[in-house]
Amino acid sequence: DLVTALSLPGCVGVWALHHNLSDGPNSQKMIIDMNADDGDIVPIAEDKTYPYHGYLLITTEDSTMVLTTGEELQEITDQVKGFNTRTRTILVSNILGHEALVQVCSDEIRLLGSAENIYHTYKPERKLKIVSASVSDPYVLVCLSK
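Residues numbered from 1 in each chain as written. Predicted model: local features only at pLDDT ≥ 70, side-chain atom pairs only at ≥ 80, totals over all residues. Heavy atoms only, no water.

Undergrad: Help me understand the overall build of the chain in this model?
TA: On a plain count of helices and strands, the chain comes out with zero helices and twelve strands. When the 146 residues of the chain are sorted by exposure, 35% land in the buried category. (Helix = DSSP H or I, 4+ residues; strand = E, 2+ residues; numbered from the N terminus. Buried < 20%, exposed > 50% of the residue type's maximum accessible area, 1.4 Å probe, protein only.)

Undergrad: What's the story with the pairing of strand 1 (residues 13–17) in this structure? I'm lost.
TA: When a strand is regular, its side chains alternate between the sheet's two faces. Burial of strand 1 is one-sided: the residues Gly 13, Trp 15 and Leu 17 facing one way are buried, the residues Val 14 and Ala 16 facing the other way are not. Inspection of the sheet shows strand 1 paired to strand 4 (residues 55–59) by five bridges, in the antiparallel sense. Pairing of Val 14 across the sheet is with Ile 58, part of strand 4. (Pairing = 2+ DSSP bridges.)

Undergrad: Help me understand the side chain of Thr 77 in this model?
TA: Among the structural elements, Thr 77 can be located in the loop between strand 6 (74–75) and strand 7 (89–95). Residue classification places Thr 77 among the buried positions, given a relative accessible area of 12%. Within polar-contact distance, the side chain of Thr 77 engages the backbone nitrogen of Val 66 at 2.9 Å. Ignoring any residue separated from it by four or fewer positions in sequence, one finds Thr 77 in contact with Thr 64, Met 65, Val 66 and Thr 85. (Polar contact = N/O pair within 3.5 Å; in protein donor to acceptor, adjacent residues only side chain to side chain. Contact = heavy atoms within 4.5 Å.)

Undergrad: Honestly, the pattern of salt bridges in this entry has me stumped. Any pointers?
TA: Oppositely charged side chains can pair when the atoms bearing their charge come close. Taken as a whole, this structure holds two salt bridges when the rule is applied. Of the charged contacts, one joins Glu 108 and Arg 110 as a salt bridge, the two residues approaching to 2.6 Å between their closest N and O atoms. Both residues of the pair, Glu 108 and Arg 110, count as buried. One salt bridge in this structure joins Glu 108 and Lys 123, with 3.8 Å as the shortest N-O distance. Of the two residues, Glu 108 is situated in the loop between strand 8 (100–105) and strand 9 (109–112) and Lys 123 in the loop between strand 10 (118–122) and strand 11 (129–136); the sequence distance between them amounts to 15 residues. Several salt bridges converge on common partners, so that one network encompasses Glu 108, Arg 110 and Lys 123. (Salt bridge = Lys/Arg side-chain N within 4 Å of Asp/Glu carboxyl O.)

Undergrad: I tried to follow the sheet that holds strand 5 (residues 64–68) on my own but got confused; where do I start?
TA: Sheets are built from strands that pair by backbone hydrogen bonding, the pairs being arranged parallel or antiparallel. As summarised here, the arrangement of the four strands in space is 1-4-5-6, forming an open sheet in which the pairing is antiparallel. The open sheet has two free edges, formed respectively by strand 1 and strand 6, since each of these has just one partner strand.

Undergrad: Can you walk me through the packing of aromatic side chains in this structure?
TA: Between two aromatic rings, the relevant description is the distance of the centres plus the angle of the planes. This model, assessed by the stated rule, comprises one aromatic pair. Seen in terms of ring centroids, Tyr 55 and Phe 83 are 6.1 Å apart; in terms of plane orientation they differ by 75°. Their pairing is edge-to-face. Of this pair, Tyr 55 sits in strand 4 while Phe 83 sits in the loop between strand 6 and strand 7, placing them 28 residues apart in sequence. In this structure, Tyr 55 and Phe 83 share a single accessibility class: buried. (Phe/Tyr/Trp six-rings, centres within 6.5 Å; stacked < 30°, edge-to-face > 60°.)

And the structure:
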């Protein structure tokens, strides 16, 4: 059966993200060569970005769930240390030519090298909250409110 629509109660945002081959617990070292007549599985260079999405983030009003893609979606929320999963994600995106990820929540922005490595965290002043955000690589624009 082909599923083209799925109801996700409580979901307020969904994002698909690329990752580098060395990132993540389900890193893909092989891909199916769609140009080959027999659909051979071929290795790809270690320094290339996996050409398909590697992570799926689903956010609700009070938390964020992280899944890896592959033959099946697998939840890895408890296994990742880089993403903030204890709060709602306002925006998450690949940035810097897919070399990094940026996650924007109401109280912080995280620049991640992967789901495991935090490069930098920015927290606005105590009285300010991030209410919306947009990415135009390499820039991140946020709207703050008291």
